[in-house]
Amino acid sequence: MTAAGIARLAGVGRAAVSNWRRRHADFPKPVGGTETSPSFALAEVERWLRNQGKLAEVPLRERIWQQLAGHPAGPLAALVQAGCVLLVVRDRPAQWLDAAGGADDRQAADALPALFAPTLAARLGETSAVAVPDSAALRPAVPFLRGVADLAAELGASQAYEFLLGRYLEANPRQYTLTPPGPAALMAALAAPRADDDAGAAPVVLDPAAGAGGLLCAVGRAARLCAQEADPGLAALTALRLALRTDADVRAGAGDTLRADAFAQLTADAVLCHPPFNERNWGHDELAYDPRWEYGFPARTESELAWVQHALARLRPGGAAVLLMPPAVASRRSGRRVRAGLLRRGALRAVVALPAGAAPPYGIPLHLWVLRKPLPGAAAPAELLFVDTAQHTAGGAGSVRDGHDWQAVQTAVLDAWQGFDRHGATEERPGVSRSVPVVELLDDDVDLAPARHLPPPPAGGGARELQGVRERLADTLRLTADLAPGAPSPAAEPASWPLTTVGELARAGALLLRAGGVGAAGAMASAGAMPPAAGAPAVLTEHDVLAGAAPSGTLPEEPREEPVLLQAGDVVVPVLGGGAVVRVADETLAGAALGRNLHLLRPDPDTLDAWFLAGFLRGTAGTRRASSYASTATRLDVRKLQLPRLPLDDQRRYGERFRALAAFEDALREAGRLGERLVQGLYDGLTDGSVSA
């Protein structure tokens, strides 16, 4: 295990582990890794932590993860073995007990392959992306596999695998491109059978570039889920994940889909796909005469249009495909002939612009292309639907990945799509949706970017709403003037208070110090975990604190740790950036979970005034002394922040001044927001003619 794993075991930061290594001669020696990133033996670390009183018991999930990370065959092989065991535990519990109950590990290892083979064949078919582990590979892993079975008893087989797979993907973020659950749920809903042609049979759904299986995990009801992935290891993990997560038949293949299609004879009801973007080596030369290019041979630079036509080739007539696409595909000149072919034949039915940051790459607003395979002899539809959901973009950097209101996005898109899909046209909603005659799109460019074809919404909501914004701004400016602090009077001499630190106060019990660490940006969510249950607390993110906004984050379905919940009177401090920003929680924040890069200070009201604490923590000199500097960021050591030792009555007197300053700051912030909205609305209204000069 690494230093980060030790920190997670003990519930401390990595700096504490480094201090232990320096200060304690008996700290376990590294058994592997490198000089800058050493690894340690789990048993030795656990023994040392327990002897030092820093650990009561290692949680089962943490123990299993550390065994998986240190598996002699590597974590990927360990995940495959774990998935096989979890399938057996779920589907053949009695046989698992017989195989694993013996004291002789060799006997158990010899029995497991014979048990795995029929279980995998029953769930994944005779030809599967998952190879049955042999006795030699399983023999040293029997204690780990028994632990995995214990974890299934604690969490359930599917949730145990979601935890292990999510932790693995989180540890390898650059190796895999994952589809977040928000876009995945929307894509699955767009591809679902129409109510008028659903005869009750569950659909067959294909993902030809399955990744970790996030899109197929979003499918509600299915008779069969088919997945293909170029990476053989990831294909095996996806197959096991789907088999554990659903009762549908699961078929998975490994290999390059465009060159070696594992489902060449399949006729699917729906195709969901998040294809690799901007690939030059997709098979342009060797696939020139492939029958899939029914709508035109894609250029070498148009790999995404090859995936579009592959999806259509695997559909039944009338079946739907939804692909996540980079926005350039809608307008690149090299793809205009294929786009024109898709329009003329009626295969492309809608282009949806998602909010920026909806899925990787996060810096651009991706598109969804919704397609239907034309019915033989049917007339091509006369119109194409455009939808733009840019208005749902999360505000501010840092929250753009997990701050979208996906319920609002899904409602806006499905309301437009379902009516259009039934009637072939839809009512125009300026700035949101519009159906455009195909003949108007078949020009020299065949540009299908939604922003080019949607009329802008009324500027700022129209002249009447702008008048309302102006009135609110005037009221806020008056409030700001009323709240402005009076002229400061100089002190007779600089104060020379006795000082203490947050760390000393925490050790004395005058306040509780906790670190946040939850939110929807983790790999569980990215890997396609289901949304959190209704009633789960919202997450106060770093951006929310900086912007003075309401909590905008969401908890993952299976948090890595118990969330820290806010109470009224808590003081929240961001630890990155080195800025002097502190927020005192009021009743509106009570119950929210504390997000990453935030620390909570909960003062004892009989000893410390919350506003006094918050005010002195904002002092520039104090934050400068408590800051450390890395190559790319400034980090605040909250324990080093200083404040004076004052009687409670004096604290409350200062606290009232600090509370008044905070109210003035909030009014300034609101005035700034309203002013920006009014100015931009007037610019837009004057330029589009909706406001008179």
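Predicted model only: the values in this text are computed from it and were never measured. (Residues numbered from 1 in each chain as written. Predicted model: local features only at pLDDT ≥ 70, side-chain atom pairs only at ≥ 80, totals over all residues. Heavy atoms only, no water.)

S.K.: Tell me about the packing of aromatic side chains, and please be specific about residues and values.
M.R.: Under the defined criterion, the tally for this structure stands at 12 aromatic pairs. What links up through ring pairs into an aromatic cluster is the set Trp497, Phe612, Phe616, Tyr654 and Phe658. A cation sits over an aromatic face here: arginine 61 above phenylalanine 163, 5.2 Å from the ring centre. (Phe/Tyr/Trp six-rings, centres within 6.5 Å; stacked < 30°, edge-to-face > 60°. Lys NZ or Arg CZ within 6 Å of the ring centre and 35° of its normal.)

S.K.: Explain the sheet that holds strand 15 (residues 553–554) to me, using residue names and the numbers behind them.
M.R.: Judged by pairing direction, the sheet is mixed, and its 3 strands sit side by side in the order 15-14-18 without closing on themselves. The open sheet terminates on both sides in strands that have one partner only, identified here as strand 15 and strand 18 (593–594). In the sheet, strand 14 (residues 538–540) pairs with strand 15 via 2 bridges, with the strands oriented antiparallel. Paired with alanine 538 across the bridge in strand 15 is threonine 554. (Pairing = 2+ DSSP bridges. Helix = DSSP H or I, 4+ residues; strand = E, 2+ residues; numbered from the N terminus.)

S.K.: Explain the nonpolar core to me, using residue names and the numbers behind them.
M.R.: Note that soluble globular proteins tend to have their nonpolar side chains buried in a common cluster. In this structure, Val130, Leu186, Leu190, Leu272 and Leu368 are the most contacted members of the largest nonpolar core, which totals 95 residues. Sorting elements by how many residues they give to this core places helix 5 (residues 75–91) first, with 10 residues. Once residues within four sequence positions are removed from consideration, leucine 186 is found in contact with Leu354, Leu368, Trp406, Val409, Gln410, Val413 and Leu414. Residues Ala209, Tyr295, Trp307 and Leu323 belong to the second largest nonpolar core, which totals 43 residues. (Core = buried A, V, L, I, M, F, W, Y, C linked by side-chain atoms within 4.5 Å. Buried < 20%, exposed > 50% of the residue type's maximum accessible area, 1.4 Å probe, protein only. Contact = heavy atoms within 4.5 Å.)

S.K.: I'd love a proper account of the sheet that holds strand 13 (residues 511–515), names of residues and values included.
M.R.: An order of 13-19-16-17 is seen for the 4 strands of this open sheet, with the pairing classed as antiparallel. Looking at strand neighbours, the two that pair on one side only are strand 13 and strand 17 (583–584), the edges of this open sheet. Pairing geometry for strand 16 (residues 571–574) and strand 17, over 2 bridges, is antiparallel. Bridging across to strand 17, valine 571 finds its partner in valine 584. Relative to the sheet, helix 23 (residues 610–617) contacts strand 13, strand 16, strand 17 and strand 19 (598–603), its axis offset from that of strand 16 by approximately 15°. (Axes fitted to C-alpha atoms, helices over the stretch in contact; angles between N-to-C directions.)

S.K.: Give me the lowdown on helix 9 (residues 142–155), citing residues and values where you can.
M.R.: Taking 1.5 Å per residue as the helical rise, helix 9 with its 14 residues ought to reach 20 Å, and the 20 Å between its terminal C-alpha atoms agrees with that figure. Every buried residue of helix 9 is accounted for by Val142, Phe144, Leu145, Gly147, Val148, Ala149, Leu151, Ala152 and Leu155. Backbone geometry just downstream of helix 9 places glycine 156 in the positive-phi region, at approximately 100°. (Expected span 1.5 Å × (residues − 1).)

S.K.: Tell me about the side chain of threonine 501, and please be specific about residues and values.
M.R.: Its location among the elements puts threonine 501 in strand 12 (residues 499–501). The exposure class of threonine 501 is buried, given its relative accessible area of 16%. Engagement of the side chain of threonine 501 in a polar contact is seen with the backbone nitrogen of glutamate 504, the distance being 3.1 Å. Leaving out residues up to four positions away in the same chain, threonine 501 has contacts with Arg639, Lys640, Leu641, Gln642 and Leu643. (Polar contact = N/O pair within 3.5 Å; in protein donor to acceptor, adjacent residues only side chain to side chain.)

S.K.: I'd love a proper account of the pairing of strand 9 (residues 367–372), names of residues and values included.
M.R.: Most of strand 9 sits out of view: 6 of its 6 residues are buried. The alternating pattern of strand 9 places His367, Trp369 and Leu371 and Leu368, Val370 and Arg372 on opposite faces, both of which are buried. Where strand 7 (residues 315–325) and strand 9 come together, 6 bridges link them in antiparallel fashion. Bridge pairing in strand 9 links alanine 321 to leucine 371. Relative to strand 9, strand 8 (residues 348–353) runs antiparallel, the two sharing 5 bridges. From the neighbouring strand, alanine 350 faces strand 9, where its bridge partner is valine 370.

S.K.: Please give an account of the pairing of strand 10 (residues 383–388) that cites residues and values.
M.R.: The buried count for strand 10 comes to 6 of 6 residues, which makes it a mostly enclosed element. Inspection of the sheet shows strand 8 paired to strand 10 by 4 bridges, in the parallel sense. Opposite alanine 350, over in strand 10, you have leucine 385 as the bridge partner. Here strand 10 runs beside strand 11 (residues 433–437); their pairing, made up of 5 bridges, is antiparallel. Across the sheet, residue phenylalanine 386 finds its bridge partner in strand 11, namely arginine 434.

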